[in-house]
Amino acid sequence: MTAPIIAPSILAADFSRLGEHLRQAANADWLHVDIMDGHFVPNLSFGADIMKTVDKLTDQELNVHLMIEEPGKWLDTYVAAGADAIIFHVEAVEDHVALAREIRGKGVKAGFSVRPGTPIEPYLETLNEYDQVLIMSVEPGFGGQSFMPEQLDKVRTLREYIDSNGLDVVIEIDGGINADTIADAAAAGVDSFVAGSAVFGKEDPAAAVDQLRELAAGAR
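Conventions we followed
- Residues numbered from 1 in each chain as written.
- Predicted model: local features only at pLDDT ≥ 70, side-chain atom pairs only at ≥ 80, totals over all residues.
- Heavy atoms only, no water.
- UniProt positions renumbered as here; feature names shortened; annotations may be inferred.
- Helix = DSSP H or I, 4+ residues; strand = E, 2+ residues; numbered from the N terminus.
- Rg over C-alpha atoms; globule rule 2.2 N^0.38 Å.
- Buried < 20%, exposed > 50% of the residue type's maximum accessible area, 1.4 Å probe, protein only.
- Contact = heavy atoms within 4.5 Å.
- Areas by Shrake-Rupley, 256 points an atom, 1.4 Å probe, with all protein chains shown as cover.
- Lys, Arg positive; Asp, Glu negative; His and termini not counted.
- Charge placed at Lys NZ, Arg CZ, Asp CG, Glu CD.
- Core = buried A, V, L, I, M, F, W, Y, C linked by side-chain atoms within 4.5 Å.
- Phe/Tyr/Trp six-rings, centres within 6.5 Å; stacked < 30°, edge-to-face > 60°.
- Polar contact = N/O pair within 3.5 Å; in protein donor to acceptor, adjacent residues only side chain to side chain.
- Pairing = 2+ DSSP bridges.
- Right-handed = clockwise from strand over helix to strand, strands pointing away.

Looking at an unreviewed UniProt entry, one finds the protein named Ribulose-phosphate 3-epimerase, with Corynebacterium uterequi as its source organism. Entered under Pathway (unreviewed entry) in the UniProt record, the comment concerning the protein runs "Carbohydrate degradation." As recorded by UniProt, the Catalytic activity (unreviewed entry) comment attached to the protein reads in full: "D-ribulose 5-phosphate = D-xylulose 5-phosphate".

Below, the structure is given as structure tokens:
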């Protein structure tokens, strides 16, 4: 397992003072960028232009989560906007391995995500095609939802498979992660933790990042 990775979601930042918010969370390991199209999920977020601005404001790794239909059509757009990793939903594609290979072929990390109702077992044997797996612990599309602890069963299944096969794949979790839930997620085997309001909703985002990292490390 890697050291705990804290990846604040910029969806929870105040876009009227985005630069300030990003500077306040400069101690985070990654930044999580949620792209929503209003079709695959019932919400719209922002697009590549905002991401380009974020890329100019920070040197942190940009982890781009495409909650969109036909994600393959948009790879070049988000690679050009500064993506360091692109995560797509397996529910939105027909051939997830082919898309993962295309992403890696563009020089960025490839990841896939599953909705809460999607089992993880069918994808275990293809994990070598990926750099990370994102487990949704809420229904994708809106922030501020309650953590779904039953999703940690997927994490445990992934952890066992990854470790027993010697794979270098990061397990990430997104949804309801905060100071009350992060320890359980870490104990189950999560490497990377996406947190929105638990970071950008705090008066001191940097202190919130440190607290989350310490709680995750202490639970392992």
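A. Up close: the overall build of the protein. Along the backbone of the protein there are eight helices and eight strands. Taken against the 2.2 N^0.38 rule, which gives 17 Å for 220 residues, the C-alpha radius of gyration of the protein at 16 Å falls within 12% of a compact globule. A principal-axis box enclosing the C-alpha atoms of the protein has dimensions of 45 × 40 × 30 Å. Out of the 220 residues belonging to the protein, those deemed buried represent 53%. Long-range pairs, those at least 24 residues apart, make up 64% of the contacts in the protein between residues at least 6 apart in sequence. Carbon together with sulfur atoms contributes 46% to the accessible area of the protein, which is approximately 9400 Å² in total. Taken as two groups, the 16 positive and 36 negative side-chain charges of the protein have centres that lie 3 Å from each other.

B. Up close: the nonpolar core. The biggest cluster of nonpolar side chains holds 61 residues, and the ones touching the most others in it are Phe 112, Leu 158, Ile 173 and Phe 193. Excluding residues within four positions of it along the chain, Phe 193 makes contact with Pro 4, Ile 5, Ile 6, Ala 7, Ile 173, Ile 177, Ile 182, Ala 185, Ala 186, Ala 216 and Arg 220. Counting five residues, the second-largest nonpolar core is a separate cluster that includes Ile 5, Ala 7, Trp 30 and Val 170.

C. Looking closely at the packing of aromatic side chains. Counted according to the given criterion, the structure contains three aromatic pairs. An angle of 45° between the planes, with centres 6.2 Å apart, marks the rings of Phe 88 and Tyr 130 as tilted. Of the two residues, Phe 88 is situated in strand S4 (residues 85-89) and Tyr 130 in the loop between strand S5 (109-114) and strand S6 (132-136); the sequence distance between them amounts to 42 residues. Relative to Tyr 123, the ring of Phe 112 lies with its centre 5.5 Å away and its plane at 45°, an arrangement referred to as tilted. Taken together, the residues Phe 112 in strand S5 and Tyr 123 in the loop between S5 and S6 connect sequence positions eleven residues apart. Its relative accessible area of 15% is what places Tyr 123 among the buried residues. Through a chain of ring-to-ring contacts, the aromatic side chains of Phe 88, Phe 112, Tyr 123 and Tyr 130 assemble into a single cluster.

D. Broad picture of the UniProt feature "active site" (unreviewed entry) in the protein. Under the local residue numbering, the UniProt record ascribes the feature "active site" (unreviewed entry) to Asp 34 and Asp 174. Taking the farthest pair of C-alpha atoms as the criterion, the annotated set spanning 141 residues converges on one region, since that pair is 10.5 Å apart. As for its placement among the helices and strands, Asp 34 is situated in strand S2 (residues 30-36). Within polar-contact distance, the side chain of Asp 34 engages the side chain of His 32 at 3.2 Å. Residue placement: Asp 174 occurs in strand S7 (residues 170-174). One polar contact links Asp 174 to His 32, side chain to side chain, over a distance of 3.4 Å.

E. Just the pairing of S5, in detail. Counting buried positions along S5 gives five out of six residues, so the element sits mostly inside the fold. As judged from the five bridges shared by S4 and S5, these two strands associate in the parallel manner. From the neighbouring strand, His 89 faces S5, where its bridge partner is Ser 113. In the classification by handedness, the crossover that spans S4, the intervening helix H4 (residues 96-105) and the parallel S5 is right-handed.

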